[in-house]
Amino acid sequence: MIVTPTTQVVAGSTAATYPLNRLRDSTPMVLNNVGRLWLSIGIAGIGIGLASILLTEWLRLDPCHLCIFQRLLMLVTGAFALIAAVFAWRGRNPLVPGLLAMLTALGGVAVAAHHSWIQAYPSETNSCVGSTPGLIESFIEWLGQQMPSLFLATGFCDDDSFRLLGLTLANLSLLLFVALAGAALWTLSRLLQARST
């Protein structure tokens, strides 16, 4: 019996190629397709984050701490997705940065949902501004001191005066984070499915 890296010859007949080799042969095409998906997610995440900055300046809005934190999570989601795209195009496994992109987007879903709840049920105890700032508020305050043009919080979380298509910015952010998390999950499932075949 003679065994080569790609074929197995038994009694003069050629057996099927090893599954590992089939995966190896299909990996460049799979990673190329996955890379394009991650690129799309990355462009969307960073584009939405930058759009929120421009919208704030254009409409003279006063972003709150949770608004700024969602902006940051959107940018980080996009950055992780772009890193995953680069990994894929260089033939490296994009699983880790892709997973980080999905988890960051899921974190954005949680924050945006909490923000939407605050706006739907405003109260003195249900606010992101209090006598004792939390971890997110303290972090955003520090970022605002470092880069005020991007991260300075000047508004209140329960302010829902600005609406677009009947939705507050927190509602829109929730929908966008859900879309990015769903896209990231689908891309990861395609990658894992290709690795398992």
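Residues numbered from 1 in each chain as written. Predicted model: local features only at pLDDT ≥ 70, side-chain atom pairs only at ≥ 80, totals over all residues. Heavy atoms only, no water.

### Considerations on the overall build of the protein chain
In step 1: Helix and strand content of the protein chain: six helices and five strands.
In step 2: Taken from N to C terminus, the helices and strands of the protein chain fall in the order β-β-β-α-α-α-α-α-β-β-α.
In step 3: Of the contacts made within the protein chain by residues no fewer than 6 positions apart, 77% connect residues no fewer than 24 positions apart.
In step 4: Accessible area for the protein chain stands at about 11,400 Å²; split by element, carbon and sulfur atoms hold 67% of it. (Helix = DSSP H or I, 4+ residues; strand = E, 2+ residues; numbered from the N terminus. Contact = heavy atoms within 4.5 Å. Areas by Shrake-Rupley, 256 points an atom, 1.4 Å probe, with all protein chains shown as cover.)

### Things to note about the nonpolar core
In step 1: Trp38, Ile41, Leu66, Phe69 and Ile140 are the most contacted members of the largest nonpolar core, which has 30 residues in total.
In step 2: Counting only elements with at least two residues in this core, the list comes to helix H1 (19-59), helix H2 (65-89), helix H3 (95-120), helix H4 (135-146) and helix H6 (169-196).
In step 3: A per-element tally of this core places H2 first, with nine residues.
In step 4: Setting aside its immediate chain neighbours within four residues, Phe69 contacts Val111, Ile136, Phe139 and Ile140. (Core = buried A, V, L, I, M, F, W, Y, C linked by side-chain atoms within 4.5 Å. Buried < 20%, exposed > 50% of the residue type's maximum accessible area, 1.4 Å probe, protein only.)

### Quick look at H2
In step 1: Under the 1.5 Å per step criterion, the end-to-end length of H2 is 36 Å for 25 residues, consistent within 8% with the ideal 36 Å.
In step 2: Trailing H2 by a residue or two, Gly91 shows a phi angle of about 80 degrees, which is positive. (Expected span 1.5 Å × (residues − 1).)

### As for the environment of Gln119
In step 1: Within the secondary structure, Gln119 sits in helix H3.
In step 2: Between the C-alpha atom of Gln119 and that of Asp160, which follows or precedes it by 41 residues, the distance is 6.2 Å.
In step 3: When residues no more than four places from it in sequence are discounted, the contact partners of Gln119 are Cys157, Asp158, Asp159, Asp160, Thr168 and Ala170.
In step 4: One polar contact links Gln119 to Thr168, side chain to side chain, over a distance of 2.8 Å. (Polar contact = N/O pair within 3.5 Å; in protein donor to acceptor, adjacent residues only side chain to side chain.)

### With respect to the confidence of the model for the protein chain
In step 1: On average, residues of the protein chain score 79 in pLDDT, and 77% of them reach the 70 mark or higher.
In step 2: Confidence drops under pLDDT 50 across residues 1-26; counting only partners more than four residues distant or on other chains, this segment forms 22 contacts. (pLDDT = per-residue confidence, 0-100.)

### Some thoughts on the environment of Tyr121
In step 1: Counting through the fold element by element, Tyr121 comes out in the loop between H3 and H4.
In step 2: For Tyr121, a relative accessible area of 54% translates into the label exposed.
In step 3: Considering only alpha carbons, one finds Tyr121 and Asp158, 37 residues apart in sequence, at a separation of 8.2 Å.

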